[in-house]
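# Structural description and commentary
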Amino acid sequence: MSKRDDLIEKYAADIKDKFGENPDMDLLKKVTVGLGPSIYNLDASKVSGGDEKELETVKNNYLIKKLGMSDSPELMEGINAVMEKYGSSNRNKHRAVVYYQLCKHFKKESVYA
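### Describing the packing of helix α3 (residues 52–66) against helix α4 (residues 73–86)
- One can describe the packing of α3 onto α4 by two numbers: an axis separation of 10 Å at closest approach and a directional angle of 115 degrees. By the angle between their axes, α3 is roughly perpendicular relative to α4. Every pair of crossing elements has a handedness; the one defined by α3 and α4 is right-handed. Along the contact surface, α3 presents L55, E56, V58, K59, L63 and I64, while α4 presents L75, M76, I79, N80 and M83.
- Looking at the contact of α3 with α4, its residues break down into eight nonpolar, one polar and two charged.

### Things to note about unusual backbone geometry
- For K107, which is not a glycine, the phi torsion comes out positive at approximately 55 degrees.
- Position of K107 among the secondary structure elements: in the segment after α5 (95–105).

### Examining the pattern of salt bridges
- By the definition in use, this model includes six salt bridges.
- Residues K59 and D71 are paired through a salt bridge, measuring 3.2 Å at the closest nitrogen-oxygen approach. Here K59 is found in helix α3, whereas its partner D71 is found in the loop between α3 and α4, with twelve residues between them in sequence.
- Its relative accessible area of 9% is what places K59 among the buried residues.
- Given the relative accessible area of 52%, D71 is considered exposed.
- One connected set of salt bridges, linked through shared partners, spans E56, K59 and D71.

What counts as what
Residues numbered from 1 in each chain as written. Predicted model: local features only at pLDDT ≥ 70, side-chain atom pairs only at ≥ 80, totals over all residues. Heavy atoms only, no water. Axes fitted to C-alpha atoms, helices over the stretch in contact; angles between N-to-C directions. Helix = DSSP H or I, 4+ residues; strand = E, 2+ residues; numbered from the N terminus. Parallel < 35°, antiparallel > 145°, perpendicular 65-115°, else oblique. Left-handed = near helix turned anticlockwise from the far one by under 90°. Contact = heavy atoms within 4.5 Å. Nonpolar A, V, L, I, M, F, W, Y, C, P; charged D, E, K, R; others polar. Salt bridge = Lys/Arg side-chain N within 4 Å of Asp/Glu carboxyl O. Buried < 20%, exposed > 50% of the residue type's maximum accessible area, 1.4 Å probe, protein only.

Interpretation note: all reported values are geometric properties and have no functional meaning in isolation.
Next up, the structure:
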């Protein structure tokens, strides 16, 4: 198994453990591949839920640029909802899991079709 496949398995386990959901493996793989080499960088592969600047970056680079959404208060509400579900005490919020959950939250799976 490749390193990427190992990471995807880890992300899937995180989705099951933290969100109580069985992940859509096809979508999870597409979201992970879309992140490119950042998944192998310890810092870039995580999202700091308490860092407003980081959350703005998620909003601008993922929700607006990648998913094609319009800027609105709902975007930050969605990000905060995902962060809350992931658990504020959990310091290791994987970017691929956060992006996957945001994609599901906003029903934007079609972007990866």
